[in-house]
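Chain and residue survey
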Amino acid sequence: MTIRRRTCARRGSERCDFAELHRKRLGLATLLAATALGSCLGLSVVPASAAEVTYQRLLNASSEPQNWLMRMGNYSNWNHSALNAINRGNVANLKVKFMASLGDPARPNKATEYFTPLVEDGFMYVGNQWQQYWKLDVRNEKPTVVWKFDAKVQGGGKSAHSVTLSGNNVYFNTGADTSVPRLVALDKNSGQVVFDVNTTVPEIAPNQGHSAAPLAVKDMILIGQSNRGENGRGYVAAYTADTGNLLWRFLVVPDPGQPGSETWADPRTIPTGGGGIWTEPSFDPETNLAYYGTANPVHMFDPQGRPGDNLYTNSIIALDVDTGKLKWYFQTIPNESWDYDSVAITQLYDVNIGGELRKVIGQTNRNGFYYTLDRNNGQFLKGQPFTTVNWTAGLDPKTGRPVDYDASKTVQDYAGKAPRYGKKAIDVRPAHYGMPTLMPNSYDPSRGITYFNAMIGEANYFNSRPADPGKQLIGTGFREIYCGASTKENAVEPIERSVRNPNCKVSHGLLGGIDVRTGNTVKKLESYYPAYSGVLGTDGGLVFMGDIMGKISAFDKDTMQELWSFDTGTAFAGSPMTYAVNGKQYVALILGGRLGRDEGSFPEAAELGQNVILMVFGL
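A brief structural summary. (Residues numbered from 1 in each chain as written. Predicted model: local features only at pLDDT ≥ 70, side-chain atom pairs only at ≥ 80, totals over all residues. Heavy atoms only, no water.)

Focus: the overall build of the protein
The helix and strand inventory of the protein stands at four helices and 37 strands. When each of the 619 residues of the protein is scored for burial, the buried share is 64%. Contacts in the protein between residues far apart in sequence, at least 24 positions, make up 62% of those at least 6 positions apart. A total of about 20900 Å² of accessible surface is found on the protein, and carbon and sulfur atoms cover 49% of it. (Helix = DSSP H or I, 4+ residues; strand = E, 2+ residues; numbered from the N terminus. Buried < 20%, exposed > 50% of the residue type's maximum accessible area, 1.4 Å probe, protein only. Contact = heavy atoms within 4.5 Å. Areas by Shrake-Rupley, 256 points an atom, 1.4 Å probe, with all protein chains shown as cover.)

Examining the pairing of strand β37 (residues 613-618)
In summary, the side chains of a regular strand alternate between the two faces of the sheet. In terms of burial, β37 is largely enclosed, as six of its six residues are buried. Here β37 shows no split at all, with Ile613, Met615 and Phe617 on one side and Leu614, Val616 and Gly618 on the other all buried. Pairing geometry for strand β3 (residues 95-101) and β37, over six bridges, is antiparallel. In the sheet register, Val96 faces β37, and the bridge partner there is Phe617. In this sheet, β37 lies alongside strand β36 (residues 584-591) in antiparallel orientation, the contact comprising six bridges. For Leu589, the partnering residue across the bridge sits in β37 and is Met615. (Pairing = 2+ DSSP bridges.)

A short note on empty space enclosed by the protein
Tallied over the full model, the rule gives six cavities of 30 Å³ or more. The calculated volume of the largest cavity comes to roughly 130 Å³. If you trace the largest cavity, you find 16 residues lining it, with Met70, Arg71, Thr164, Pro214 and Leu215 closest to the centre. Breaking the lining of the largest cavity down by element, the ones donating at least two residues are β8 (164-166) and β12 (215-217). Of the residues belonging to the lining of the largest cavity, the class tally is 11 nonpolar, three polar and two charged. Looking at the second largest cavity, its volume works out to about 80 Å³. In terms of lining, the second largest cavity is formed by 15 residues, of which the most central are Thr269, Thr272, Gly305, Ala467 and Ile474. (1 Å grid on protein atoms, 1.4 Å probe; cavity = no way out; pocket = protein on both sides within 12 Å on 5 of 7 lines; lining within 4 Å. Points joined across faces, edges and corners; volume = space filled by probe spheres on them. Nonpolar A, V, L, I, M, F, W, Y, C, P; charged D, E, K, R; others polar.)

So, the sheet that holds strand β14 (residues 235-240)
Through backbone hydrogen bonds, the strands of a sheet pair up, either in parallel or in antiparallel fashion. Spatial strand order, β12-β13-β14-β15: four strands in an open sheet with antiparallel pairing. The sheet is open, and its two edges are formed by β12 and β15 (246-251), each paired on a single side. For this sheet the average axis-to-axis angle between neighbouring strands, irrespective of direction, equals 20 degrees. (Axes fitted to C-alpha atoms, helices over the stretch in contact; angles between N-to-C directions.)

Brief notes about the side chain of Glu336
Residue placement: Glu336 occurs in the loop between β19 (326-331) and β20 (347-353). Of the side chains bearing the opposite charge, Arg306 lies closest to the buried Glu336, which forms no salt bridge; the N-O distance is 4.8 Å. Polar side-chain contacts of Glu336 include one of 2.6 Å to the backbone nitrogen of Asp339. Residue contacts for Glu336: discarding those within four places in its chain leaves Asn296, Pro297, Met300, Pro303, Arg306 and Asn314. (Lys, Arg positive; Asp, Glu negative; His and termini not counted. Salt bridge = Lys/Arg side-chain N within 4 Å of Asp/Glu carboxyl O. Polar contact = N/O pair within 3.5 Å; in protein donor to acceptor, adjacent residues only side chain to side chain.)

Some details on the nonpolar core
Ranked by internal contacts, the top residues of the largest apolar core, which has 94 residues, are Met124, Val126, Leu222, Phe544, Tyr579 and Leu614. At six residues, the largest contribution of residues to this core is made by β36. In this view, Leu614 contacts Phe98, Met99, Ala100, Leu102, Pro117, Met124, Val126, Leu136, Ala588, Leu589 and Ile590; residues no more than four positions away in its chain are not counted. Formed by 27 residues, the second largest nonpolar core is a distinct cluster that contains Leu289, Leu395, Ala418 and Ile426. (Core = buried A, V, L, I, M, F, W, Y, C linked by side-chain atoms within 4.5 Å.)

Some points on unusual backbone geometry
Here the bond from Leu311 into Tyr312 is cis, since omega is 0 degrees, no more than 30 degrees from zero. With respect to the helices and strands, the residue Tyr312 is situated in the loop between β17 (289-293) and β18 (315-320). Unlike most non-glycine residues, Asn77 shows phi in positive territory, near 60 degrees. By secondary structure assignment, the location of Asn77 is in the loop between α3 (55-59) and β2 (80-81).

Points about the environment of Asp406
Among the secondary structure elements, Asp406 is positioned in the loop between β23 (380-385) and β24 (426-428). Of the residues examined, Asp406 reaches a relative accessible area of 27% and is grouped as partly exposed. The sequence separation of Asp406 and Pro334 amounts to 72 residues, and the corresponding C-alpha distance is 9.8 Å. A distance of 2.6 Å separates polar atoms of two side chains, one belonging to Asp406 and the other to Ser408.

So, the pattern of salt bridges
Enumeration over the complete set of coordinates arrives at 27 salt bridges. Between Asp196 and Arg182 there is a salt bridge, with its nearest N and O atoms 2.8 Å apart. Within this pair, whereas Asp196 is found in strand β11 (residues 193-198), its partner Arg182 is found in strand β10 (residues 182-187), the two being separated by 14 residues in sequence. Neither Asp196 nor Arg182 differs from the other in exposure class; each is buried. Here Lys557 ties to Asp444 by a salt bridge, and the two come within 2.6 Å at their closest N and O atoms. Placement of Lys557 in the loop between β33 (551-556) and β34 (562-567) and of Asp444 in strand β25 (residues 442-444) is noted, with a sequence separation of 113 residues between them. By relative accessible area, Lys557 is classed as buried at 0%.

As for the layout of surface pockets
One number sums up the size of the second largest pocket: a volume of about 300 Å³. Around the second largest pocket, the lining comprises 17 residues; the ones closest to its centre are Leu59, Ser76, Trp78, Phe283 and Pro285. For the lining of the second largest pocket, the element with the highest residue contribution is β20, accounting for three residues. For the lining of the second largest pocket, the per-class residue count stands at eight nonpolar, four polar and five charged.

Let's talk about the packing of aromatic side chains
Counted according to the given criterion, the structure contains 28 aromatic pairs. Relative to Tyr443, the ring of Trp78 has its centre 5.1 Å away and its plane inclined at 65 degrees; by these criteria the two rings are edge-to-face. Of this pair, Trp78 sits in the loop between α3 and β2 while Tyr443 sits in strand β25, placing them 365 residues apart in sequence. Clustering of aromatic rings is evident, with ring pairs tying together Phe330, Trp338, Tyr340, Phe369, Tyr371, Phe380, Trp391 and Tyr414. In this arrangement the basic side chain of Lys135 is found over the ring face of Phe123, its NZ or CZ atom lying 4.8 Å from the centre. Geometry around Tyr235 places Arg249 over its ring, the cationic atom sitting 5.6 Å from the centre. (Phe/Tyr/Trp six-rings, centres within 6.5 Å; stacked < 30°, edge-to-face > 60°. Lys NZ or Arg CZ within 6 Å of the ring centre and 35° of its normal.)

Structure, rendered in structure tokens:
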């Protein structure tokens, strides 16, 4: 572990002299790197500093609508802004204000860009798939480089979701496709390293990495581990914000002998159990709990290869942020079969249910149900489908488990839709890959509606190789996304229904709105092209999102009418955000999508060129 300590206390003392700190730490190398980038973009380099991002500011982040201080806007993950200067009456006049390339001329651009920019007092933080990060001064409607930092990783398949601001630092994790996962803290004024720690956990190796942005809570930084490849185990960990020292760690798949390990009927499957943490948690300061969604058990299409309920995969888990202790969990599907993991973001609301004000947590799950739980104890309250579901006959109204769940069995079949060795391929709805996963919902507190985006279709699953737990060899399966043709009897043979099959036209997009008081879907707009974009909502009566063809759109929250769009010409898979400077509102996003992967029946999407670009719109 390498630690470079600050020259002044980060907490518990008078605020540092930021200008002096900037002069001391802004070395020649940083200046040269930033200058070189600025010359490449045709920009200039300026010094800049901003106020400390205190825990109190993060608790009240929604009260600073001009800023976007965390990936989804606040601890409740609302992904909503109170800004309304851009609204239904004028959004048709929205135009590009500035752009900046975030690519690396020495490396190819093809990658998935999930990154959501952060903005604090007119300064923007952005990043790319190569774990290169910039601080930009955007106060004058142009991206003036303050500094650039290169984590020098070997990966490049996809970007992290965002960075995290706390105190005078900016934090990020290196991605899940790097050889050594790390948590890095930079001085946000100079871009110089405060600490750089290796987050490898030897007992759960191999295949470690990160995708979600860290979360700053109090004086600690929370991170989640998402597996590279299939095998491995997910975890949540907390580090000190000032030095990067490990405080605690929670393993999603528990060690033998620990609570939950008994749900792995064959303990040899524990080391390859899965349960990655792919997205950011929500956090409730009243309960002191962080709420994480966990990924599927491994192998994702092989329930026979890992008998048992497989805790705590496919679950929402509530962890005490001070200790890392599990306070409660809710598992959506024990012994799950179709990659219907529970990594979709969780959102926190206070809602009236049955005449009683309840503090709840909601999730638009990949399995086609919207879940409502009591966030104090995890009690199941509601579970309503928001699309066609055929993998189960329904949910038990008391427990929230599938009604087909049989507690006497270690391998579940549910509605006869679970894959089996040698069994013919099965068509199942919904298709797992396009349902809400990494793309955030947007909750509108005035309407009581959470807006979500999903790709709707049918998937096809089978197993082609049994697992061998003795060798820690996971099984293999095949899934054919979004096609509805008849299956073949011999599941081991390839199924000729590829993404380029012109007869495969099942998948499409769905922008929906769920009333969080009832769990019912009350808004719905279907589209020809699906999307992997997150949904941004504003008090201007708008929701913003983009599709797989790179079209960015604004929709009326009430009528779901498209009021504005812009064709970027390159793929998009991220989440828009909004901010304001000098009373002017802007909408920003980073382009760069998912070329050639799981676009269903849309080969034109796979043929799009790709550029990593920051694009900012305004009136």
